[in-house]
Structures are given as structure tokens and as C-alpha cells.
Amino acid sequence: MSEENNPVFQIQRVYLKEASLEQPNSPAILLEQQQPAVDIQLGVEANQAADGVFEICVTATVHTKIEDKTVFLVECKQAGIFEIRNVPEDQMGAIMGIACPQIVYPYLRGNVADLVTRAGFPPVHLAEINFQAMYEQQQAEAAKQAAAAPQVQ
């Protein structure tokens, strides 16, 4: 096998693509004594940036509320640029849905905790994520939807 056909997987860059913080009910909400409810949503997206170069983004949305009032809302999007070449097509989904997010996610966790702390709150530490289980669940749901879709003849 020649060098030109060897698989390539390299991290080009990891960066904070987007970050936002809202405290729409401050300062009144800060005087509340109740514990807020915390809702955390995660998402992964992959886009081709150039031939053999992909941007993988992991997004976290942290919404804390007391009753129906927002305490704070944080959204962070951490991205990585990866060079991926000469990898079999059937392995590309797993690389972009498991391997790349596992590399980017620790940076996202740190940025979310830092942003929340800088806002004057105790840090929110995002839990470790099993990206393989998440990817397999998404693949199973996609297969189920494809099977349920009406067939065009």
C-alpha cells in the first residue's frame, strides 16, 4: 500500500466558535432562595470545510429556571477542524460522530463551566458523554425513520 493511500486523521485546530450568556431576569432572580432547575441539551454537527477537511461542532445549551423564570441561559459551540483522508466511507460516520466529538467535548465542558462562573454562578460541570452510545442511538433512530417512511415507486 502506498503512502498516498494511508488513512489520515489529524486535528488541525480546536476553537470556541460561539458563546452566549443571557440573564434576562437579573438582578431580581438572583435574590431568589430556591434551587433552580437545570436543563442541558447537547448536539453534534459535522460539515465539510474543504476536500478531506471537516468541521465538527459540539453544542451545549444550559437553561436554568426558577419556576417559569430564566436564571441564566448559556449556549456554547465548540468546534474542531479535522483532516480525514483515505478512510473507508463506512467508517466516516463513526469518526465524525464519535472520535471527533470526544476530542472537542472537554474544551466545551471547560468553556461552559468558565462562562457560568464568570456570570457569578457556581460552575455547571457537564457530565462525561458516551459519544459512541449517542451515535448508535442516532443511527438506530434514522434507520427506524427510514423504514417507516413511505416507499415511492
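Quantities reported herein were computed from a predicted structural model and do not represent experimental measurements.

A few points about the pairing of strand β2 (residues 37-50)
Examined bridge by bridge, β2 and strand β3 (residues 53-66) share 13 bridges and lie antiparallel to one another. Across the sheet, residue valine 44 finds its bridge partner in β3, namely valine 58. Between β2 and β3, which follow one another and run antiparallel, lie 2 residues, and glycine 52 among them has a positive phi close to 80 degrees.

Focus on the packing of aromatic side chains
Under the criterion given, the structure shown has 3 aromatic pairs. Between phenylalanine 72 and phenylalanine 121, the aromatic rings sit 4.7 Å apart at their centres with planes inclined by 35 degrees, giving tilted as the arrangement. Highlighted residues: phenylalanine 72 in strand β4 (residues 69-85) and phenylalanine 121 in the loop between α1 (89-118) and α2 (131-148), separated in sequence by 49 residues. With relative accessibility at 5%, the residue phenylalanine 72 sits in the buried group. Its relative accessible area of 14% is what places phenylalanine 121 among the buried residues. Measuring from ring centre to ring centre gives 5.5 Å for tyrosine 105 and phenylalanine 131, while their planes differ by 75 degrees; the resulting arrangement is edge-to-face. Remark: phenylalanine 131 occurs in helix α2 and tyrosine 105 occurs in helix α1; sequence separation between them is 26 residues. For tyrosine 105, a relative accessible area of 3% gives the class buried. For phenylalanine 131, a relative accessible area of 2% corresponds to the buried category.

Some remarks on the pattern of salt bridges
For the structure shown, the criterion picks out 6 salt bridges. Among the ionic pairs, arginine 109 bridges to glutamate 128, the shortest N-O distance being 2.7 Å. Of the two residues, arginine 109 is situated in helix α1 and glutamate 128 in the loop between α1 and α2; the sequence distance between them amounts to 19 residues. The class for arginine 109 is partly exposed, based on a relative accessible area of 25%. By sharing partners, the salt bridges in this structure join Asp51, Glu83 and Arg85 into a single network.

Some details on the sheet that holds β4
In space, the 4 strands of this open sheet follow the order β1-β4-β3-β2, with antiparallel pairing throughout. Edge positions in the sheet fall to β1 (8-22) and β2, since each has one partner strand and no second. The average angle at which neighbouring strand axes cross in this sheet is 15 degrees, direction not considered. Of the pairings in the sheet, the one linking β3 to β4 comprises 14 bridges and is antiparallel in character. By the bridge assignment, phenylalanine 54 is partnered in β4 with phenylalanine 82.

About the thresholds
Residues numbered from 1 in each chain as written. Predicted model: local features only at pLDDT ≥ 70, side-chain atom pairs only at ≥ 80, totals over all residues. Heavy atoms only, no water. Pairing = 2+ DSSP bridges. Helix = DSSP H or I, 4+ residues; strand = E, 2+ residues; numbered from the N terminus. Phe/Tyr/Trp six-rings, centres within 6.5 Å; stacked < 30°, edge-to-face > 60°. Buried < 20%, exposed > 50% of the residue type's maximum accessible area, 1.4 Å probe, protein only. Salt bridge = Lys/Arg side-chain N within 4 Å of Asp/Glu carboxyl O. Axes fitted to C-alpha atoms, helices over the stretch in contact; angles between N-to-C directions.

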